[in-house]
Amino acid sequence: MDKKSKDRFEITELFMAMAGKDRCFTGIIKRLKDIEGNPFVFSRIVMPDGLLCAQETDQKALGENLDKMCVMILDKNLHGDTGKSTEIFGTHFFLN
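Residues numbered from 1 in each chain as written. Predicted model: local features only at pLDDT ≥ 70, side-chain atom pairs only at ≥ 80, totals over all residues. Heavy atoms only, no water.

**Student:** Give me the pairing of strand 6 (residues 91–95): which residues, what numbers.
**Tutor:** Bridge analysis of strand 5 (residues 84–88) against strand 6 gives five bridges, and the strand direction is antiparallel. Bridge pairing links I88 to T91 in strand 6. Following strand 5, the chain reverses through two residues before pairing antiparallel with strand 6; F89 in that reversal takes a positive phi of roughly 55 degrees. (Pairing = 2+ DSSP bridges. Helix = DSSP H or I, 4+ residues; strand = E, 2+ residues; numbered from the N terminus.)

**Student:** So what's going on with unusual backbone geometry? Which residues, and what values?
**Tutor:** Its identity is not glycine, yet F89 carries a phi of approximately 55 degrees, on the positive side. Tracing the backbone through its elements, the reader meets F89 in the loop between strand 5 and strand 6.

**Student:** How would you summarise the pattern of salt bridges if you had to cite specific residues and measurements?
**Tutor:** In the structure shown here, the tally under the stated rule is two salt bridges. The shortest N-O distance in the salt bridge between E13 and R31 comes to 3.2 Å. With a gap of 18 residues between them, E13 in strand 1 (residues 13–18) and R31 in strand 2 (residues 24–33) connect regions that are remote in the sequence. Relative accessible area serves as the criterion here: at 47%, R31 is assigned to the partly exposed category. In this structure, the salt-bridge partner of R23 is D75, at a minimum N-O distance of 2.8 Å. Of this pair, R23 sits in the loop between strand 1 and strand 2 while D75 is found in the loop between helix 2 (59–74) and strand 5, placing the two residues 52 residues apart along the sequence. (Salt bridge = Lys/Arg side-chain N within 4 Å of Asp/Glu carboxyl O. Buried < 20%, exposed > 50% of the residue type's maximum accessible area, 1.4 Å probe, protein only.)

Here it is as structure tokens:
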């Protein structure tokens, strides 16, 4: 490591998504700007079956959307259906 990267540190802000009082998941939130300079927030939250990623223009809307997605994944079995696929040359391809 060179001196420049050794002295640099990064502050990470934690963010939480709730699917009920007893089902809370934490992750990170990053505040970024797009190519045009408009601010947005991005969040990545670790869940039991994978990652939940989302971005929105403000933190409040992001929190509401993450809460809704947690409920859809845990209670409504959003990722339970693998969908339709076809086999081409011995490999399964997902049809969307």
